[in-house]
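What follows is the residue order along each chain.
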There are 4 protein chains.
Amino acid sequence: MEHNYRELKRECFEANMEIPRRRLAIYTWGNVSVFDRDAGVFAIKPSGVSYDEMGADDIVIVDLEGKTVEGRLKPSSDTLTHMVLYNNFDKIGGVVHTHSPYAVGWAQALTPLVIYGTTHADHTVQDVPCTPPMSDDQIRKNYEEQTGWQIVNHFHRKQLNPHEVEMVLVGSHGPFTWGTTAAKAVYNAVVLEEIAKMALFTRLVNPDVDRLKKTLRDKHYERKHGPGAYYGQQ
Amino acid sequence: MEHNYRELKRECFEANMEIPRRRLAIYTWGNVSVFDRDAGVFAIKPSGVSYDEMGADDIVIVDLEGKTVEGRLKPSSDTLTHMVLYNNFDKIGGVVHTHSPYAVGWAQALTPLVIYGTTHADHTVQDVPCTPPMSDDQIRKNYEEQTGWQIVNHFHRKQLNPHEVEMVLVGSHGPFTWGTTAAKAVYNAVVLEEIAKMALFTRLVNPDVDRLKKTLRDKHYERKHGPGAYYGQQ
Amino acid sequence: MEHNYRELKRECFEANMEIPRRRLAIYTWGNVSVFDRDAGVFAIKPSGVSYDEMGADDIVIVDLEGKTVEGRLKPSSDTLTHMVLYNNFDKIGGVVHTHSPYAVGWAQALTPLVIYGTTHADHTVQDVPCTPPMSDDQIRKNYEEQTGWQIVNHFHRKQLNPHEVEMVLVGSHGPFTWGTTAAKAVYNAVVLEEIAKMALFTRLVNPDVDRLKKTLRDKHYERKHGPGAYYGQQ
Amino acid sequence: MEHNYRELKRECFEANMEIPRRRLAIYTWGNVSVFDRDAGVFAIKPSGVSYDEMGADDIVIVDLEGKTVEGRLKPSSDTLTHMVLYNNFDKIGGVVHTHSPYAVGWAQALTPLVIYGTTHADHTVQDVPCTPPMSDDQIRKNYEEQTGWQIVNHFHRKQLNPHEVEMVLVGSHGPFTWGTTAAKAVYNAVVLEEIAKMALFTRLVNPDVDRLKKTLRDKHYERKHGPGAYYGQQ
């Protein structure tokens, strides 16, 4: 029943169009997906289609085994990475991958994005983790699926909560972000690029500065969580 | 009498819209307030409302104890910081907070913005001060109010005149600026970002360069003050 | 037969207009040519004409000895560099020269652009080579023709395949890129600037990071070549 | 005879409007003048007027002693700097002052802009000189007039030809450029900012790289001078 997915495709299309608008990627680089957990499918950008030529009809619907359910085009080559995240992070509704240059800089440097200030702390009170480069074992398997496992395994090993840290740097590669919705995941991709830029400037001014002090990180954690949370119009 | 504040709201709205226009902040980040000293109230951006959706009617009127006097929406989460500045800096008419990336870089580096040249000296002949990170004592109290006290206390300790130095870096956080009007405060926020960028470039070219020599700083001070002041059409 | 070249000129004009649109060069800097291998001629930007004043009719048609075949204007001063590349790289259909600032930074630093990540590997699995500065012998000869020979000889010495590495940094000068079409060559020029930027950020975050590991480079090579190649809608 | 200067004012206005268009300065910063050598006067931007509010009628006409000949507004506070350059550099027809951030970075670093490549060499085959900061003696005199003498004296001491090197960094201050016309002087200001950016990137990639080799500098000198000169449509 094709009409079922019209709204999902529309949401996915809109979220993808934020990528060039926010200057997170050029040409066809970058991709956003939206998950319909009830239907067990996600909508994702088609592979190799540029943003100015893409319409909502070009969005592809894929199931949780990575099979195309609906769509004339091949889904993004990163589809299996998205699939692994939906299968393993149980409350997320959208995933974003970009090649935004400051975030890529940290990812290629194989360096977690250190939390230096409150802009970062307003979004997560941890360093943004950076996975090690893919192991030779993984490289021999399905590359994009293994990129998903790089992320999931790293969060597991580091005991990170994907709902507290909605962003990651895949070592030697670049950023992935997620969120309860695709719009939130895109927002996180913009934030990640902005705090990656700020952190580089911070290091260039003072290479020896410490990460944000623990009491401030705790305070920012409390601001967003629990009964005393405040911000915005809620 | 609601109509009393129409002009104040309009001025506050216009000043806030300069924030995205001058690329000082993304999304809902950043906020500008305008002070009506006679009425003892200030107009400020609502919390968590993005610039493209905000109208002049959304601006909130707050008194000097931080209570909303008029407005359907919650005021900016930074409202109490603005309040403390209006209560303590006696000639200011506007306050601005942004997360502009070069200024945040210096703030996160816990480093005062060194005065390296005349662009800086045209606006203040001192380094732009950087407060220490908030103390654990302060963190336990009202966070935003304490951000205001971080600024006021630092100016007091360093014997800085807030009418000579209309800008500050809050350590681990970011820039606040002010001025006799909100428009002047926004201007100062743009200037701060520009001189923060220039100072970083300066250090990258020559990490060992000294601050601007004292005789030049004195000269620039005289250009703006006293009977021999000159610049602009006055 | 003038009408023969109308399409070639149009293609060349369109490809040139991408240079300012993608911010690869200012004023008249930069030039793109398109090769018609059957006719043995290429279309190229006229010399010293700015992008906003140029029309498709201003494009110049040049043969493989560098002689103007058609056109009212002098061809680009870099024409002989393009000619040498068409004469020596046997499958290319377009050549681009820009002064994009990050790529120039590496070229002036006389440093090959190290492959730090998968963004780079998606386009070539080698470092982007940087030629040595022109020798005194070459400087005494035709400068622009020798720039072409700098590139061709460097690829020969380093045993690089110009169809695997479609970009080069000419030492002390700047980037040249090419491709099977002019549009692809322009795409490569944009990519080169983007990976040059990312690689600089990478070094600033972590000056000691190694180049992308060999197994990952091999994997990316396979993704684009041979029976298992996948990406895009083919 | 007021109408005499209409064309001069128009040319000056157009050249000034390039400053914000090319992003060389914000607000009212920066100024361009045009010299009419026969009339012994120059047209210059009024002081403290922002680019979006300025019209051609606001341009001020000043003589070679710095006195306003025509105009309702005060001329730029940098007027006497321009005057000194017109009085001492005998073939120039336009002068530009900006606060473009990369050029200011080098000026504040008290470091000549090293010639690292051919982009620089296409415009001058020397390092762009950087004057020492103004001496205490000079600071006590007319500040803006002394800025002009800083430049003139530095060129004299270093035996630099202002028609070979049409740009300078005033130490602790920023860039001045000039040319046979105001349009050429603005072009030089854009070029200076671009090569200042490229040179910073070069140093960040490889701090130990040497300046462009002498034989290449000589070659570029010959390309622009004497009987064998070539470039553009002349």
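Predicted model, so just to flag it, every value in this text is computed and none were measured.

**Things to note about the overall build of chain A**
What chain A contains, in helices and strands, is eight helices and seven strands. Relative to its length of 234 residues, chain A is compact, with a C-alpha radius of gyration of 18 Å against a globular reference of 17 Å. With the principal axes as the frame, chain A shows a C-alpha extent of 55 × 45 × 35 Å. Taking contacts inside chain A between residues at least 6 apart in sequence as the whole, the part at least 24 apart equals 62%. For chain A, the exposed area adds up to about 9300 Å²; of that, 47% sits on carbon and sulfur atoms. The distance from the centre of the 26 positive side-chain charges to the centre of the 30 negative ones in chain A is 5 Å.

**What about the interface of chain B and chain D?**
Each side of the interface is counted separately: chain B has 33 residues, and chain D has 34 residues. In total, chain B and chain D occlude about 3000 Å² of area from one another, counting both sides; carbon and sulfur atoms represent 59% of this. On inspection of chain B and its partner chain D, the count reaches two salt bridges. With its nearest N and O atoms 2.9 Å apart, the salt bridge here joins Arg-223 of chain B to Glu-144 of chain D. Linking chain B to chain D there are 13 residue pairs in polar contact (both at pLDDT 80 or more).

**Considering the relation of the copies chain B and chain A**
With an axial shift of 0.0 Å and an RMSD of 0.0 Å, the rotation relating chain B to chain A amounts to 90 degrees. The transformation relating the two chain copies, once decomposed into turn and shift, fits a four-fold axis. Within chain B, Leu-204 of chain B has its C-alpha nearest the rotation axis, a separation of 5.5 Å. Taken as a fraction of all interface residues of chain B, those also at the interface in chain A reach only 3%, which identifies the copy contact as different-surface.

**Structural notes on the sheet that holds strand β6 (residues 167-170) of chain D**
All names here are of chain D. The strand order across the open sheet built from seven strands is β4-β3-β2-β1-β5-β7-β6, with neighbouring strands paired in antiparallel fashion. Strand pairing shows two members of the sheet lacking a second neighbour, β4 (68-70) and β6, which therefore form its edges. Between one strand and the next, the sheet's axes are offset by a mean angle of 25 degrees, whatever the strand orientation. Inspection of the sheet shows β6 paired to strand β7 (residues 174-179) by four bridges, in the antiparallel sense. Each residue of the ladder has a partner; that of Met-167, found in β7, is Thr-177. Strand contacts of helix α6 (residues 143-157): β6 and β7, with the helix running at about 120 degrees to β6, the strand carrying the most contacts.

**Comments concerning the relation of the copies chain B and chain D**
Between the two copies of the chain lies a rotation about an axis combined with a shift along it. Note on the identical chains: chain B maps onto chain D by a rotation of 90 degrees and an axial translation of 0.0 Å, with an RMSD of 0.0 Å. A share of only 3% of the interface residues of chain B reappears at the interface of chain D, consistent with the copies meeting through non-equivalent patches.

**Focus on the interface of chain B and chain A**
Residue-level contacts link 34 residues of chain B with 33 residues of chain A. Both sides together, the interface formed by chain B and chain A hides about 3000 Å², and carbon and sulfur atoms give 59% of it. Where chain B meets chain A, there are two salt bridges. Those elements giving two or more residues to the side of chain B that touches chain A turn out to be α3 (101-108), α5 (136-140), α6 (143-157) and α7 (182-205) of chain B. Of the residues forming the side of chain B that touches chain A, the biggest block, six residues, is contributed by α3 of chain B. Classifying every residue of the side of chain B that touches chain A gives 18 nonpolar, eleven polar and five charged.

Conventions and cut-offs
Residues numbered from 1 in each chain as written. Chains lettered and ligands numbered in written order. Predicted model: local features only at pLDDT ≥ 70, side-chain atom pairs only at ≥ 80, totals over all residues. Heavy atoms only, no water. Helix = DSSP H or I, 4+ residues; strand = E, 2+ residues; numbered from the N terminus. Rg over C-alpha atoms; globule rule 2.2 N^0.38 Å. Contact = heavy atoms within 4.5 Å. Areas by Shrake-Rupley, 256 points an atom, 1.4 Å probe, with all protein chains shown as cover. Lys, Arg positive; Asp, Glu negative; His and termini not counted. Charge placed at Lys NZ, Arg CZ, Asp CG, Glu CD. Buried area = accessible area lost by both parts, 1.4 Å probe. Salt bridge = Lys/Arg side-chain N within 4 Å of Asp/Glu carboxyl O. Polar contact = N/O pair within 3.5 Å; in protein donor to acceptor, adjacent residues only side chain to side chain. Least-squares fit on C-alpha atoms with pLDDT ≥ 70 in both. Pairing = 2+ DSSP bridges. Axes fitted to C-alpha atoms, helices over the stretch in contact; angles between N-to-C directions. Nonpolar A, V, L, I, M, F, W, Y, C, P; charged D, E, K, R; others polar.

By themselves these figures say nothing about function.
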